[in-house]
Amino acid sequence: MLHIAVGVLRRGSEVLISQRLAGKPGAGQWEFPGGKLEPGETVTQALRRELAEELGVEVLDHQPLMRLVHQYPDRTVLLDTWLVNRWKQEPSGREGQATRWCPVEALSTAGLLAADQPLVAALQWPACYAFTPDHWSANDLLSIRQQLATSAVLTRLRLPRLSDTAYRDLVLRLLDSGVQRLAVDRTEIDWAAAAAAERLILHLPGHALESAGSQAPAWAGGCVVSCHDQKTSQQAAQWGAQTLVIGSARRTATHPDRLPAGWSELRRLADGAGLPCYAIGGLTPRDLSVARRAGCFAVAGIRGFWPRSA
Ligand SMILES: Nc1nc2c([nH]c(=O)n2[C@H]2C[C@H](O)[C@@H](COP(=O)(O)OP(=O)(O)OP(=O)(O)O)O2)c(=O)[nH]1
Ligand SMILES: [Mg+2]
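Notes on the structure in this doc start here. (Residues numbered from 1 in each chain as written. Chains lettered and ligands numbered in written order. Predicted model: local features only at pLDDT ≥ 70, side-chain atom pairs only at ≥ 80, totals over all residues. Heavy atoms only, no water.)

## Quick look at the coordination of the magnesium ion (ligand 2)
And then number 1: Donor atoms from the polypeptide that coordinate the magnesium ion (ligand 2) comprise G34 (O) and E54 (OE), at 2.2 to 2.3 Å from the metal. Of this pair, G34 sits in strand β4 (residues 34-36) while E54 is found in helix α1 (residues 43-55), placing the two residues 20 residues apart along the sequence.
And then number 2: With relative accessibility at 12%, the residue G34 sits in the buried group.
And then number 3: The class of E54 is buried, set by a relative accessible area of 5%. (Donors = N, O, S within 2.8 Å, 3.2 Å for Na, K, Ca; no water. Helix = DSSP H or I, 4+ residues; strand = E, 2+ residues; numbered from the N terminus. Buried < 20%, exposed > 50% of the residue type's maximum accessible area, 1.4 Å probe, protein only.)

See the structure below:
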């Protein structure tokens, strides 16, 4: 497996991409700058060297974003991807390659290498994903709707106590209040008829895949699946999920009896998933950097993600 150090230079809402040169695999397609580790090099040494060679920049600040394994017909690559937020010198294509700044929301159609799609999702999806506590009512959520509308956090509405009608009404009221997108779990509701489908994400637990059809429904916002093992994560990827929630990182109050998989197991799951993964299990938003070191681009949870005690 080729270990590749990849740098995502980020400037506001844009990232730098470069075009692969003639003669290389994927010539003419776009990629994030970077390249293979040389013998004896650490990944961050390779990142600094590649960005200096390819762009003429000196990296001043780098943070892990995600790890991703992709199989091409003739080779397997591990893309070890880093966000680069600060650097010295103006980046330019030092090897004759074209470079351009691309808005994050335009990356899906920028002609990137096929392997980079999960990376694009990782840049587009929110880094924090908050699940509602089971005992919350519709009013609990409506009382904080202004906050939900301005927050960068994605919310998953679990709310098992609500009827389908109450659940549907709540979703429509939250969207009306300016909440950008929501993750829902009720496929029985006709969301297209409610004109809400554009801004909804479908979230299913892994065990629901059995009865969820052979292919993910074409929801504009995409589908997320919760997984605790490799078999389910592979099933979810084949089904067409865009992201996974994998756990458990630590023991949680929700599942006190479940042994946590721990960070090294999560890293194994994330590496094998081929999709961007949210880490879950006893985490808070403050755990984002440890989750990213374990190959997960983002964190999810219940307690610790809400302004008041859940
Ligand atoms: N840099 C980079 N490589 C990617 C991306 N996506 C992707 O599949 N790859 C693959 C393509 C290549 O097989 C491999 C990178 O190897 P490379 O040939 O560019 O390595 P390098 O820059 O060191 O080039 P060279 O010195 O071997 O000429 O990773 C990406 O976004 N950035
Ligand atoms: Mg390269």
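That was the structure; now back to the text.
## Regarding the pattern of salt bridges
And then number 1: Counted according to the given criterion, the structure contains 16 salt bridges.
And then number 2: R49 is the salt-bridge partner of E38, the closest N and O atoms lying 3.8 Å from each other. With E38 in the loop between β4 and α1 and R49 in helix α1, the pair connects residues that are eleven residues apart, well separated along the chain.
And then number 3: When salt bridges with common partners are traced through the structure, they connect E38, E41, R49, E50 and E53 into a single cluster. (Salt bridge = Lys/Arg side-chain N within 4 Å of Asp/Glu carboxyl O.)

## Focus on the site of ligand 1
And then number 1: In the vicinity of ligand 1 there are 19 residues, among which F32, K36, Y72, R75 and D116 approach most closely.
And then number 2: The side chain of R20 places a nitrogen or oxygen atom 3.1 Å from an oxygen atom of ligand 1.
And then number 3: Side-chain polar atom of D116 to an oxygen atom of ligand 1: 2.6 Å apart, as the coordinates give it.
And then number 4: Considering ligand 1 on its own, with 620 Å² of exposed area, one finds that the protein chains cover 83% of that surface.
And then number 5: When residues of the shell around ligand 1 are traced back to their parent elements, those giving at least two are β1 (2-11), β4, α1 and β6 (76-88).
And then number 6: When residues of the shell around ligand 1 are assigned to their parent elements, the largest contribution, three residues, is made by β4.
And then number 7: Residues belonging to the shell around ligand 1 are distributed by class as follows: nine nonpolar, two polar and eight charged. (Near = heavy atom within 4 Å. Polar contact = N/O pair within 3.5 Å; in protein donor to acceptor, adjacent residues only side chain to side chain. Areas by Shrake-Rupley, 256 points an atom, 1.4 Å probe, with all protein chains shown as cover. Nonpolar A, V, L, I, M, F, W, Y, C, P; charged D, E, K, R; others polar.)

## Remarks on the environment of A249
And then number 1: In this fold, A249 is placed in the loop between β13 (243-246) and α7 (263-273).
And then number 2: Considering only alpha carbons, one finds A249 and W263, 14 residues apart in sequence, at a separation of 5.6 Å.
And then number 3: With residues near it in sequence (within four places) discarded, A249 still touches P260, G262, W263, L266, I280, G281 and L283. (Contact = heavy atoms within 4.5 Å.)

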